[in-house]
Amino acid sequence: MQETYKANGKAIISLILSVLSVICCCLWYISLIIGTAAVILGILGLRSENPNQKDAAIAGIVVGAVGFALAVAAGIMQIVILSGVAAAGTTAALGAGCLI
């Protein structure tokens, strides 16, 4: 007798969240949260007893990790750029003050 299984909801949600984390990687603080949730749900979906959509769970883990990495890179770039602009702004302000 063949057992029927329902759809693996955790794997499907993991895949959806992982794609959203890649799309939202410019908003790195949101993408970090979504990517982490995608990886966790992908692992839970992979470990469940339901054998359906294991490939979706694996894809959710991989794409979620990529989204997380893109978010970290975007966050680092934003911090470096903003600190460079702040340093240039203070240097320009100090230089302008010396001329007056």
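Residues numbered from 1 in each chain as written. Predicted model: local features only at pLDDT ≥ 70, side-chain atom pairs only at ≥ 80, totals over all residues. Heavy atoms only, no water.

A.B. asks: Lay out the overall build of the protein chain with the relevant residues and their values.
C.D. replies: Across its full length, the protein chain carries three helices and zero strands. Traced from its N-terminal end to its C-terminal end, the protein chain shows the element sequence α-α-α. Looking at the protein chain as a whole, 21% of its 100 residues qualify as buried. If you take every contact in the protein chain between residues at least 6 apart in sequence, the share linking residues at least 24 apart comes to 73%. (Helix = DSSP H or I, 4+ residues; strand = E, 2+ residues; numbered from the N terminus. Buried < 20%, exposed > 50% of the residue type's maximum accessible area, 1.4 Å probe, protein only. Contact = heavy atoms within 4.5 Å.)

A.B. asks: Report on the packing of aromatic side chains, specifying residues and quantitative values.
C.D. replies: Following the criterion strictly, the structure yields one aromatic pair and no others. Between W28 and Y29, the aromatic rings sit 5.8 Å apart at their centres with planes inclined by 75°, giving edge-to-face as the arrangement. A relative accessible area of 23% places W28 in the partly exposed class. By relative accessible area, Y29 is classed as partly exposed at 46%. (Phe/Tyr/Trp six-rings, centres within 6.5 Å; stacked < 30°, edge-to-face > 60°.)

A.B. asks: Can you tell me about the packing of helix α1 (residues 9-23) against helix α2 (residues 28-47), naming the residues and giving the values?
C.D. replies: Angle between the axes and distance between the axes are the two parameters that describe a pair of packed helices. The contact between α1 and α2 brings their axes to 8 Å, and the two run at 155°. In terms of orientation, α1 and α2 fall into the roughly antiparallel class. Note on packing geometry: the crossing formed by α1 with α2 is left-handed. Counting all contacts with α1, which are made through K10, A11, I13, S14, L17, S18, L20 and S21, the residues of α2 involved are S31, I34, G35, A37, A38, L41, G42, L44 and G45. Partitioning the contact of α1 with α2 into residue classes produces nine nonpolar, seven polar and one charged. (Axes fitted to C-alpha atoms, helices over the stretch in contact; angles between N-to-C directions. Parallel < 35°, antiparallel > 145°, perpendicular 65-115°, else oblique. Left-handed = near helix turned anticlockwise from the far one by under 90°. Nonpolar A, V, L, I, M, F, W, Y, C, P; charged D, E, K, R; others polar.)

A.B. asks: I'd love a proper account of the side chain of S14, names of residues and values included.
C.D. replies: In this fold, S14 is placed in helix α1. Residue classification places S14 among the buried positions, given a relative accessible area of 0%. For S14, the contacting residues outside a window of four places in its chain are A38, L41, G42, A57, G60 and I61.

A.B. asks: Tell me about α1, residues and numbers included.
C.D. replies: Over its 15 residues, α1 extends 21 Å from the first C-alpha to the last, a length consistent with the 21 Å expected when each residue adds 1.5 Å. Inspection of α1 places A11, S14, S18 and S21 among the buried residues, and these make up the whole buried set. Down the axis of α1, the buried set is contained in an arc of 85°. They therefore lie on one face. (Expected span 1.5 Å × (residues − 1). Arc of directions from axis to C-beta.)

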